[in-house]
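For reference, the chains in residue letters:
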Amino acid sequence: MKPAPQLAAILLALPIAASAVPAEDKPLPLWEAGVLGGVASTPAYPGSADRSTRGLLLPFLIYRGKVFRADQSGIGARLVKREAVELDVGLAASLPARSDDVAARSGMPNLGTLLEFGPRLKVRIAEPSASSRVRLDIPLRAVIEARAGVRTQGFTFEPKVVYEMRSADGLWTFDANAGVVIGDKKVNRYFYEVQPHYATSTRPGYRADAGLMLTRVGASASRMINQDVRVFGFMRLESYAGAANEDSPLMKKKSGASAGVAFAWTLGRSTRLAGD
């Protein structure tokens, strides 16, 4: 079983999402560290007919500093925080996919490890209750590929609406989100272009263009087993209908789904509380 793009980011994000809506009356440790394990199945790339399934066991760190943070909303530097608006700089990562494992890309270059880095504006839209909230995320990220060196592969823009809630006892959390991913010409060419020397009788040459990459809805839920162990799962559904490059010979499906289950085991936490 080989890794797919987005798999690492999905699994790393899940234990963080488990604390999506903090209990305002309960101080949290400045940092927590532990082990994250799980299995997820995703399309090999957006629009791929092939799937990748992989299990991972990784360390995780949650850090709730005033500026640098690795918490329920991502990894990065918080630049501005107001009651309803926050601006930060975030980092996301994804694992590579080998073209030998993807029929449509046979003979083409592999998809390397991708890092996404850039500013994100978060705007609180509503608080339906003391334990739930709705916000708008507006991230703009540079896509950087690490494969035989480091090179930029364009930019993505991924606005989405997020709903988060926590049960009254704090044992359950749930979030749902809906948004779109828009890419510039370079990142779309990275996924969907077929240069003339890679064209075959079943894979004609294709020139990719900037625009919509996909529309996505997703949901995740978590359950605290005890103070140190939490289990969770997620599902994402994507539609590629209307995508800027839906005519690419590498776009094999009109929709895709991802799902996974995992656990987070906290092995240590600080005695110092966030905000001290």
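What you are looking at is a predicted structure, and each value in this text was computed from that prediction instead of being measured. (Residues numbered from 1 in each chain as written. Predicted model: local features only at pLDDT ≥ 70, side-chain atom pairs only at ≥ 80, totals over all residues. Heavy atoms only, no water.)

## Section: the environment of Glu127
Looking at where Glu127 falls in the secondary structure, it is placed in strand E6 (residues 113–129). Placed 36 residues apart in sequence, Glu127 and Tyr163 show a C-alpha to C-alpha distance of 9.5 Å. One polar contact links Glu127 to Arg124, side chain to side chain, over a distance of 2.4 Å. (Helix = DSSP H or I, 4+ residues; strand = E, 2+ residues; numbered from the N terminus. Polar contact = N/O pair within 3.5 Å; in protein donor to acceptor, adjacent residues only side chain to side chain.)

## Focus: the environment of Ala243
In this structure, Ala243 sits in the loop between strand E12 (229–239) and strand E13 (255–269). Here the alpha-carbon distance between Ala243 and Leu214, two residues 29 residues apart in the chain, equals 6.1 Å. Other than its neighbours up to four places away in sequence, Ala243 contacts Leu212, Met213 and Met251. (Contact = heavy atoms within 4.5 Å.)

## Quick notes on the side chain of Thr156
Within the element layout of this structure, Thr156 appears in strand E8 (residues 150–157). Once residues within four sequence positions are removed from consideration, Thr156 is found in contact with Glu116, Pro139, Leu140, Arg141, Val143, Val181, Ile182, Gly183 and Val187.

## Considering the nonpolar core
Formed by 23 residues in total, the largest nonpolar core has its most connected members in Tyr45, Leu111, Phe191, Tyr192, Met213 and Leu250. Of all the secondary structure elements, the ones that give two or more residues to this core are helix H2 (185–192) and strand E11 (211–224). Among the nonpolar cores identified, the runner-up in size contains six residues, and Phe60, Phe232, Ala262 and Ala264 belong to it. (Core = buried A, V, L, I, M, F, W, Y, C linked by side-chain atoms within 4.5 Å. Buried < 20%, exposed > 50% of the residue type's maximum accessible area, 1.4 Å probe, protein only.)

## Overview of the confidence of the model for the protein chain
Confidence in the prediction of the protein chain, expressed as mean pLDDT, is 84, and 83% of residues score 70 or more. Per-element averaging of pLDDT across the protein chain places helix H1 (residues 7–17) at the bottom with 44 and H2 at the top with 96. Across residues 1–24, where pLDDT falls below 50, the model places 81 contacts with residues more than four positions away in sequence or in other chains. (pLDDT = per-residue confidence, 0-100.)

## Some remarks on the packing of aromatic side chains
Summed over the entire model, instances satisfying the criterion amount to two aromatic pairs. Taking the centre distance of 5.3 Å and the plane angle of 80° together, the rings of Tyr190 and Phe191 count as edge-to-face. Like Tyr190, the residue Phe191 is buried in the burial classification. With centroids separated by 6.1 Å and ring planes inclined at 45°, the aromatic side chains of Phe191 and Tyr192 adopt a geometry described as tilted. Ring-pair connections join several aromatic residues into one group, and the members of that group are Tyr190, Phe191 and Tyr192. (Phe/Tyr/Trp six-rings, centres within 6.5 Å; stacked < 30°, edge-to-face > 60°.)

## Here's the deal with H2
Among the residues making up H2, those that are buried are Val187, Asn188, Tyr190, Phe191 and Tyr192. Down the axis of H2, the buried set is contained in an arc of 165°. They therefore lie on one face. The elements touched by buried residues of H2 are E6, strand E7 (132–146), E8, strand E10 (172–183) and E11. (Arc of directions from axis to C-beta.)

## So, a nonpolar patch on the surface
A cluster of nonpolar side chains, contributed by Leu57, Ile225, Val231, Phe263, Trp265 and Leu267, occupies part of the molecular surface with about 600 Å² of accessible area. Per-element accounting of the nonpolar patch gives the leading share, three residues, to E13. Assignment of secondary structure puts Phe263 in strand E13. (Patch = residues over 30% accessible without salt bridge, like charges linked within 9 Å, V, L, I, M, F, W, Y side chains within 5 Å. Areas by Shrake-Rupley, 256 points an atom, 1.4 Å probe, with all protein chains shown as cover. Salt bridge = Lys/Arg side-chain N within 4 Å of Asp/Glu carboxyl O.)

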